[in-house]
Structures are given as C-alpha cells and as structure tokens.
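# Summary of the model geometry
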Amino acid sequence: MSVHEETIAKIRQLPEPLLQQVNDFIDFLLMKNNSTLQPSWTEFTEEAEIVESDFSDYLQNLEDYEERLNKGEIQW
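Keep in mind that what you see is a predicted model, and the values were worked out from it rather than measured. (Residues numbered from 1 in each chain as written. Predicted model: local features only at pLDDT ≥ 70, side-chain atom pairs only at ≥ 80, totals over all residues. Heavy atoms only, no water.)

## Regarding the pattern of salt bridges
Applied cut-off: Salt-bridge detection follows one rule: a side-chain nitrogen of Lys or Arg within 4 Å of a carboxyl oxygen of Asp or Glu. For helices the rule is a DSSP run of H or I covering at least 4 residues; for strands it is a run of E covering at least 2, with both sets numbered from the N terminus onward. Buried, partly exposed and exposed residues are distinguished by accessible area as a fraction of the type maximum, computed with a 1.4 Å probe on protein chains only: under 20%, between the cut-offs, and over 50%, respectively.
Scanning the model with the defined rule gives three salt bridges in all. Between K10 and E6 there is a salt bridge; the shortest N-O distance is 3.4 Å. Of this pair, K10 and E6 both sit in helix α1 (residues 3–13), separated by four residues, roughly a single helical turn. For E6, a relative accessible area of 36% puts it in the partly exposed group. Residues E67 and K71 are paired through a salt bridge, measuring 3.2 Å at the closest nitrogen-oxygen approach. Note that E67 and K71 are positioned in helix α3 (residues 38–71) at a spacing of four residues, about one turn of the helix. Taking the relative accessible area as the measure of exposure, E67 reaches 42% and is therefore partly exposed. We classify K71 as exposed; its relative accessible area is 54%.

Next up, the structure:
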C-alpha cells in the first residue's frame, strides 16, 4: 500500500470533528510548500520568531520586576 493510500484509509477512519483539523493541517502544508507563497511563508515565520523573542524578553523583564518587588527595591 502506498503512503497516499494508507493516508486516505486513515482519514476515512476519523470521526467528523477530527476531519476539520486534518483539512486545516493539509491547507497549512500546501501553503507552506507552495513555491508562489514561499516568500510570504518566510516572512510570516520570521515575524513569528520576532514576536516570540520579544515575548521572551518581556517575560524576563516581568520576572526581574517581580523579583525586585519581592526584595522591596521597588513598590507597586
């Protein structure tokens, strides 16, 4: 059995609610691998990395702020 046939057989076994998730994931894979959309995908992933790194800095700053509050160095 080919990978294609095996995948279709598994999809046929899924309950209806899970089919939407599979469909969404297939759309994601198609978009990710579509050469005409590749620049957009690259831009999206780069922006996502920036957001994640900014959040990481924010979290570190928040932890530092909480620590300073606990030590009494600053007040709320």
